[in-house]
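Coordinates in review
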Amino acid sequence: MKHILDRPIWSALETAHADLAEGGMSARRYPPSIVPFAASADDTPESLDALENLPSPEESMILVESGPIAIPPGLAVVTEASVVQMVAERHHERISDSRIQPLTEADAADMLDLATLTKPGPFTLRAQSLGSFWGIKSEGRLVAMAGQRMRQTGFIELSGLCTHPDFQGRGLGTLLFRFVAGEIASSGDTAYLHAYAANTSAISLYKTHGFALRAEMNMRVVKRRS
């Protein structure tokens, strides 16, 4: 039996994030203004045809699955990468720190600027539509953040973890990582995350803090053929 996280985008849009889904029973995506994630229900011709028809000609979509990704004939692969999926294998205690504060819509532009600079993964002005985010500021300037992205029944993805280059090496990223993992655990859900397979330093850090490799994942960025 397949794991719910083998096709994380589909399972999120079918369960906890169903209210955000665009599409139908054969293929769904998040609104592009929130995150460019999409998935088909399966690899049948009907589902792949529905996936092919989701984007407009100028839009790209990101597909993530544990196995080989079937690409509809009308879509072209723009970028591909190997990703690892890691899941918390122990309970993370909830922690507090006076430097950590919840981020709001008023912080959206600063969050996007930080994500654009540090490239933790796809990020938009509406990223907070997916889940809560927290950050650390220095003299009013956002210098580190982390939050929640995809949700499935029993699981919440820890995502958006990044620190401004001027503030790296001070433990801020680790602090936020532990904080968000604790918030997820306190809700009764299991935290999981994705990291590029080549980012061995980050993977090693996550292992140190109680996350274990669950699956190797494939990522494809696709768009309509011209």
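Structure first, text after, so check above.
The following refers to the structure shown. (Residues numbered from 1 in each chain as written. Predicted model: local features only at pLDDT ≥ 70, side-chain atom pairs only at ≥ 80, totals over all residues. Heavy atoms only, no water.)

**Quick word on the nonpolar core**
If you look at soluble globular proteins, the nonpolar side chains tend to sit buried side by side. In this structure, M86, I100, I136, L176, V180, Y206 and F211 are the most contacted members of the largest nonpolar core, which totals 28 residues. Top contributing element to this core by residue count: helix α4 (residues 172–186), with eight residues. Leave out the neighbours within four places in its chain, and I136 touches R99, I100, R141, L142, V143, A144, L172, L175 and L176. The next biggest cluster of nonpolar side chains, apart from the first, holds 24 residues, and it includes A12, L13, Y30 and V64. (Core = buried A, V, L, I, M, F, W, Y, C linked by side-chain atoms within 4.5 Å. Buried < 20%, exposed > 50% of the residue type's maximum accessible area, 1.4 Å probe, protein only. Helix = DSSP H or I, 4+ residues; strand = E, 2+ residues; numbered from the N terminus. Contact = heavy atoms within 4.5 Å.)

**Observations regarding the side chain of S47**
With respect to the helices and strands, S47 occurs in helix α2 (residues 45–52). Aside from chain neighbours lying at most four places away, what touches S47 is S26, A27, S40, A41 and D42.

**Details of the layout of surface pockets**
For the largest pocket, the calculated volume is near 810 Å³. Taken together, 37 residues form the lining of the largest pocket, with P120, L161, H194, N199 and Y206 sitting closest to its centre. Looking at the lining of the largest pocket, the elements with two or more residues in it are β4 (60–65), β8 (141–152), β9 (155–163), α4, β10 (190–196) and α5 (200–208). Per-class residue counts for the lining of the largest pocket are 20 nonpolar, 13 polar and four charged. (1 Å grid on protein atoms, 1.4 Å probe; cavity = no way out; pocket = protein on both sides within 12 Å on 5 of 7 lines; lining within 4 Å. Points joined across faces, edges and corners; volume = space filled by probe spheres on them. Nonpolar A, V, L, I, M, F, W, Y, C, P; charged D, E, K, R; others polar.)

**A short note on the sheet that holds strand β3 (residues 38–40)**
Strands belonging to one sheet form pairs held by backbone hydrogen bonds; the direction of such a pair is parallel or antiparallel. With antiparallel pairing, the three strands of this open sheet are ordered in space as β1-β2-β3. Where the open sheet ends on each side, the last strands, each with one partner, are β1 (22–23) and β3. This element, α2, spans β2 (27–29) and β3 of the sheet and lies at about 160 degrees to β3. (Pairing = 2+ DSSP bridges. Axes fitted to C-alpha atoms, helices over the stretch in contact; angles between N-to-C directions.)

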